[in-house]
Amino acid sequence: MTNDTDIKLSGPFKVTDASGSAHDVAGIRIFDEGYGIIDVYVDFVRNVGELHLYEDAAVIRQVLARLHGLGYQGPDFGHGDLGLQDDKLIVLEAPEEFNAFAAAKGWRNLAEEFDDDDDDLASGAADTASGTQLDALIRKFKG
């Protein structure tokens, strides 16, 4: 959890799985930018990989309760891609409603920036410097 591209949403807390075993969570984090769908990383202090906590409804419910306590208002969500799960990490995939909460924490939606570029092109906005250079090039070849 020391990567410069991470946004720390929560510090340490404990969760209890469906079998009643307690687990120490080191924190909850997200990457600082992405394309619309946000993966939420829940880092554990100890190895939990063989326990498949990403499938444990009790654990997910407690992580969501923590996020709701931090200000997230929206629907619950479940585990992310199985290939992302790791020994000391579970990854949850947030719904689109999570984006506003994440943005308030500093997350940047790269898809919106891409859409803005497309809107500029569709509306006929052109880079005048490129247009001027193209005109000059055409005149050169004609002459």
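Refer to the structure printed above.
Please read these numbers as outputs of a predicted model, since none were measured by experiment.

(A) Main features of the overall build of the protein. Counting its secondary structure elements, the protein contains 4 helices and 7 strands. Its helices and strands taken in sequence order, the protein reads β-β-β-β-β-α-β-α-β-α-α from the N to the C terminus. Taking all 143 residues of the protein together, the buried fraction comes to 35%. Within the protein, counting contacts between residues at least 6 apart in sequence, those at least 24 apart form 58% of the total. Total accessible area on the protein stands at roughly 8,800 Å², and carbon and sulfur atoms take up 51% of it.

(B) Here's a closer look at the nonpolar core. Counting residues in each nonpolar core, the largest one holds 28 residues, and the members touching the most others are I30, V40, F44, L67, F77 and F98. Listed by contribution, the elements that provide at least two residues to this core are β1 (6-10), β2 (13-16), β3 (22-31), β5 (39-44), α1 (57-69), β6 (89-93) and α2 (98-104). By residue number, the principal contributor to this core is α1, which donates 5 residues. Not counting the four nearest positions on each side in its chain, F44 is found in contact with V15, H23, D24, V25, A26, L53, V59, K88, L89 and I90.

(C) Expanded view of the environment of L70. Locating L70 in the fold gives a position in the loop between α1 and β6. Separated by 31 residues in sequence, L70 and F101 have C-alpha atoms that sit 9.4 Å apart.

(D) Quick peek at the pattern of salt bridges. Under the criterion given, the structure shown has 5 salt bridges. The partner of D6 in a salt bridge is R29, with the nearest N and O atoms 3.4 Å apart. Placement of D6 in strand β1 and of R29 in strand β3 is noted, with a sequence separation of 23 residues between them. Under the relative-accessibility criterion, R29 is labelled buried at 12%. E33 is paired through a salt bridge with R108; the nearest N and O atoms lie 2.6 Å apart. With E33 in strand β4 (residues 33-34) and R108 in strand β7 (residues 108-109), this pair connects stretches of sequence that are 75 residues apart. Sharing partners across several salt bridges, the network here consists of D6, R29 and D43.

What counts, and at which threshold
Residues numbered from 1 in each chain as written. Predicted model: local features only at pLDDT ≥ 70, side-chain atom pairs only at ≥ 80, totals over all residues. Heavy atoms only, no water. Helix = DSSP H or I, 4+ residues; strand = E, 2+ residues; numbered from the N terminus. Buried < 20%, exposed > 50% of the residue type's maximum accessible area, 1.4 Å probe, protein only. Contact = heavy atoms within 4.5 Å. Areas by Shrake-Rupley, 256 points an atom, 1.4 Å probe, with all protein chains shown as cover. Core = buried A, V, L, I, M, F, W, Y, C linked by side-chain atoms within 4.5 Å. Salt bridge = Lys/Arg side-chain N within 4 Å of Asp/Glu carboxyl O.

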